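# Working through the structure, step by step
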Amino acid sequence: MATYTYTPVPDQGAKAGVLAYLVISCVVLLLMMLFGLLMRMEQAQMISIGALWFYKIMTLHGAGMVGIVALAGAAIMWHFLRQYVDLSTGIFMANLILFLTGVVMILASVLLGDFHAAWTFLFPLPGNSMGMWTPGAAALFMGGLLVIGVGFVLLHLDIARAIISRYGGLGRGLGWPQLFGPDDGNAPPPAVVASTMVTIVNLIGLVVGASILVMMLVNLYVPTFEIDALLAKGMIYFFGHVFINAVIYMAVIAVYEILPRYTQRPWKSNKVFLASWTASTIMVMFIFPHHLLMDYAFPKWFLIMGHIIGYLNTFPILIVTGYGAMMIVYRSGIRWDMCSRLLFVSLFGWAVGAMPAFIDGTITVNYVMHNTLWVPGHFHTYLLLGMVAMVFGFMYYLGKPNENAPDSALDVAAFWGFVIGTMGFTMSFLYSGKISAPRRYAEHLPEWVPYDKIASYFAMLLIASVLVFIFRFLTRLGLASRDYQRASLARSMAT
Amino acid sequence: MIATLSHHPGRSALALGVFYLLLATPIARDWLEASMSRHMLVQMPLLVVIGIIAARLVPGRTQDSLLIRFGGAWPCVIAALFASSYWMLPRALDAALTDPWAEVAKFLSLPFLVGFPLVLAWRRLTLIGRGFVWTNFFSMLAVLGWLYIVAPVRVCNSYLVNDQENAGWYMVIASVLLFFWWLGTLLVGGGVGPDKPDQSGPGRTFA
Ligand code: HEM
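In this report, the structure presented in the accompanying data block is examined.

Calculation notes
- Residues numbered from 1 in each chain as written.
- Chains lettered and ligands numbered in written order.
- Predicted model: local features only at pLDDT ≥ 70, side-chain atom pairs only at ≥ 80, totals over all residues.
- Heavy atoms only, no water.
- Helix = DSSP H or I, 4+ residues; strand = E, 2+ residues; numbered from the N terminus.
- Rg over C-alpha atoms; globule rule 2.2 N^0.38 Å.
- Buried < 20%, exposed > 50% of the residue type's maximum accessible area, 1.4 Å probe, protein only.
- Contact = heavy atoms within 4.5 Å.
- Areas by Shrake-Rupley, 256 points an atom, 1.4 Å probe, with all protein chains shown as cover.
- Donors = N, O, S within 2.8 Å, 3.2 Å for Na, K, Ca; no water.
- Tetrahedral: all angles 85-135°; square planar, octahedral: opposite > 155°, others 65-115°.
- 1 Å grid on protein atoms, 1.4 Å probe; cavity = no way out; pocket = protein on both sides within 12 Å on 5 of 7 lines; lining within 4 Å.
- Points joined across faces, edges and corners; volume = space filled by probe spheres on them.
- Nonpolar A, V, L, I, M, F, W, Y, C, P; charged D, E, K, R; others polar.
- Salt bridge = Lys/Arg side-chain N within 4 Å of Asp/Glu carboxyl O.
- Core = buried A, V, L, I, M, F, W, Y, C linked by side-chain atoms within 4.5 Å.
- Near = heavy atom within 4 Å.
- Polar contact = N/O pair within 3.5 Å; in protein donor to acceptor, adjacent residues only side chain to side chain.
- Axes fitted to C-alpha atoms, helices over the stretch in contact; angles between N-to-C directions.
- Parallel < 35°, antiparallel > 145°, perpendicular 65-115°, else oblique.
- Left-handed = near helix turned anticlockwise from the far one by under 90°.

## Things to note about the overall build of chain A
Each helix and strand in chain A was counted, giving 17 helices and 0 strands. Rg of the C-alpha trace for chain A: 22 Å, near the compact-globule value of 23 Å for 495 residues, within the 12% margin. Across its three principal directions, the C-alpha atoms of chain A cover 70 × 50 × 45 Å. Within chain A, buried positions represent 62% of all 495 residues. Within chain A, counting contacts between residues at least 6 apart in sequence, those at least 24 apart form 84% of the total. Carbon together with sulfur atoms contributes 70% to the accessible area of chain A, which is approximately 18300 Å² in total.

## Digging into the coordination of the iron atom of the ligand
Residues and elements named next belong to chain A. Around the iron atom of the ligand, the donor atoms from the protein are His 61 (NE2) and His 380 (NE2), and they sit 2.0 Å away. Geometry at the iron atom of the ligand is octahedral, judged from its 6 donor atoms and the angles of 88 to 179 degrees they form at the metal. Taken together, the positions of His 61 in helix H2 (residues 50–81) and His 380 in helix H14 (residues 374–399) put the pair 319 residues apart, joining distant regions of the chain. The class for His 380 is buried, based on a relative accessible area of 15%.

## Overview of empty space enclosed by the protein
Residues and elements named next belong to chain A. Scanning the entire structure with this criterion turns up 2 cavities of 30 Å³ or more. The volume enclosed by the largest cavity comes to roughly 50 Å³. Every residue lining the largest cavity is listed: Asp 337, Met 338, Cys 339, Tyr 396, Lys 400, Pro 401, Ala 405, Pro 406, Asp 407 and Arg 476. Class assignment of the residues belonging to the lining of the largest cavity gives a composition of 6 nonpolar, no polar and 4 charged. There is about 30 Å³ of room inside the second largest cavity. Forming the walls of the second largest cavity are Phe 123, Pro 124, Pro 126, Gly 127, Met 216, Asn 219 and Leu 220. Broken down by class, the residue content of the lining of the second largest cavity amounts to 5 nonpolar, 2 polar and no charged.

## Overview of the pattern of salt bridges
All names here are of chain A. Counted according to the given criterion, the structure contains 14 salt bridges over all chains. Here Asp 407 ties to Arg 341 by a salt bridge, and the two come within 3.7 Å at their closest N and O atoms. A residue pair is termed long-range when its members are at least 10 positions apart, and Asp 407 in the loop between H14 and helix H15 (409–434) and Arg 341 in helix H12 (residues 338–360) qualify at 66 residues. According to the relative accessible area criterion, Asp 407 is partly exposed, its value standing at 26%.

## What to know about the nonpolar core
Residue and element names in this part refer to chain A. One finds Trp 277, Trp 350, Met 387 and Phe 394 to be the most contacted residues of the largest nonpolar core, which totals 230 residues. Here the element with the most residues in this core is helix H8 (residues 229–263); it accounts for 23 residues. Setting aside chain neighbours within four positions, we find Met 387 in contact with Val 69, Ala 72, Gly 73, Val 247, Ile 248, Ala 251 and Tyr 382.

## Let's talk about the site of the ligand
Residue and element names in this part refer to chain A. Gln 43, His 61, His 380, Arg 439 and Arg 440 are the nearest of the 25 residues found near the ligand. Contact distances for the ligand include 2.8 Å between an oxygen atom and a side-chain N or O atom of Gln 43. Take Arg 440: an N or O atom from its main chain is 2.6 Å from an oxygen atom of the ligand. Looking at the shell around the ligand, the elements with two or more residues in it are helix H1 (16–43), H2, H14, H15 and helix H16 (449–475). It is H1 that contributes the most residues to the shell around the ligand, 6 residues altogether. A per-class count over the shell around the ligand returns 18 nonpolar, 4 polar and 3 charged.

## What about unusual backbone geometry?
All names here are of chain A. Of the consecutive residues Phe 123 and Pro 124, the connecting peptide bond is found in the cis state with omega at 0 degrees. Along the polypeptide, Pro 124 turns up in the loop between helix H3 (89–112) and helix H4 (135–167). In this structure, Ala 118 takes a positive phi of about 70 degrees despite not being glycine. With respect to the helices, strands and loops of the structure, Ala 118 is situated in the loop between H3 and H4.

## A closer look at the packing of helix H7 (residues 190–221) of chain A against helix H10 (residues 161–188) of chain B
Put simply, H7 of chain A and H10 of chain B touch, their axes get as near as 12 Å, and they point 160 degrees apart. The pairing of H7 of chain A with H10 of chain B is recorded here as roughly antiparallel in orientation. The interaxial crossing formed by H7 of chain A with H10 of chain B has right-handed handedness. Of the residues in H10 of chain B, those in contact with Ile 200, Leu 203, Ile 204 and Val 207 of chain A of H7 of chain A are Phe 179, Trp 182, Leu 183 and Leu 187 of chain B. Here the contact of H7 of chain A with H10 of chain B is composed, by residue class, of 8 nonpolar, no polar and no charged.

This is the structure we're talking about:
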């Protein structure tokens, strides 16, 4: 039986590349949040930007948010993974350059070319604009996504290479020898297991995504090469869902790596942990049909599979991670600072955010709830209070001046502002969903407007708090790259 | 098989040459070229494989000097990419059936401009380069398959529409199977590609 004891590891500063990723993430996150606020205020009839701008902004907000959280997640993953395997800085930077190139293409397509078919570029909408945008604008948008995808393929290939040369295969990276054989305690650390999982699913997702993007580009210019609309939807949602899911699996590495430093207890890659990650590697690829439950033309078995696997996959990693975090924190005498608070609340946010999806993944509920604001309610909860909280927790960790540095009252207020703002904002989405307000409507019925207004105020609170987080991180950039002890030791450990 | 063959390079080269000639006999050509699927998915890949095996029979040092003469790994990959793309064009298939010179060009270019340079380059490609070539190949093979399936017209004068559709489906299926095979090699470790490089290359795995 393996024994686990905690061996202290020094806190490393971030490489310049990681900081570049994070600074860009701050800027884009803030901008996209402001775009989100504009949309919500438009629905609340507090401003009047018109439907065209609403949909342009919605397209930018969707694509921009998904892209930028992927970038921030990649920065977290890369920062910690690099401490175990030999990663290439060149590839890491190449990904950033390709990402920015793609962003410029997407911005040009939406702002100059008026493309506004949403980030899901659902076939056949991009090619059927009825004169609202040109095929060139649609091609620029899809080309931009393709360029961003190529960057992530390179990054994941590099990670696969590094894990294979250190551990001898991705199966070993997932800890299969320890999972299926006797646990000798030598399973790879959680950061490696998570990165392996993300690499496998994202490589598959990106290859499928690249294929459908190229098919749609062909179809855009030669429409006689017809695409089966159902196939296209399946491929797009497979790619999109895998990619956005993978984001939180990258960011959770911050929890695995940082919380143990606070409590001086190890995060174990034990059999249950390994089993849940291996199970999710497979399941994450089969849950996307829960977006397609209303497409009655899909074969029945396909939808039932989405229903069942959607149920099953809600749990393994979430429970193992939530339970693991509680075990690590319970009676550890952990000292709460901005970093440990944000990381801990992120698990709460993730768990709470997964529940509405679980409910909506039930076919009978789905008939009523899907395409209502219930769905944005779900993913904004787990992305904002889960994923984005992890990113800010990581930023506070990097910038913490020393292990005993106290947090200012402003930061603590911002923390609560963030939690309350996000809960209020997402609950309004969920409530609007409950009263059947559809998603993606620029204009709302008078009955829905009060909730839109409440949501807008909560969103303002949330954005104000995020401003504090970002400001704090930017002023501490100089510290973020240095190596020194950051995590406050648990009270029982501190001398 | 390749490993055992290369213990006797002379004999292997002879066997390879005989196989090459066999493929070029009218009977083999008639049968393989009678359907689009066999033409594109059996005969042409076999020609590439002949180039691959031929290159592996060349001693390592000669391979290195050839590679330098050709300008390095990426020019070889790009040459292979262009040569193979050309033979994906329907009219190239038609030409191979009707014009003997095109047929000769096919028999020469697929082994010597695709298989051979790929092997030379493969040893020098980093793992990322290899992964990139593979992932690009999978997605483009699937897209090509789709193009053949949905093409609104008969793309080859020499083959029927249903043949074209079959070929498309086989390409999609092949692309999926190859992708899973490749992922499998990543999962179980070392990577067991058609060309596992020797220790001198920078990359040791990734098929
Ligand atoms: C202050 C923070 C945010 C605000 C105010 C906000 C607001 C909104 C609004 C109003 C919508 C449109 C809802 C509808 O009517 O369908 C939306 C959609 C969306 N948001 Fe956010 N959001 C925020 C943060 C985020 C974050 C952090 C992410 C991702 C990490 C995100 C991802 C998305 C996505 C993917 C959509 C769907 C777009 C579509 O339907 O095409 N948002 N958001």
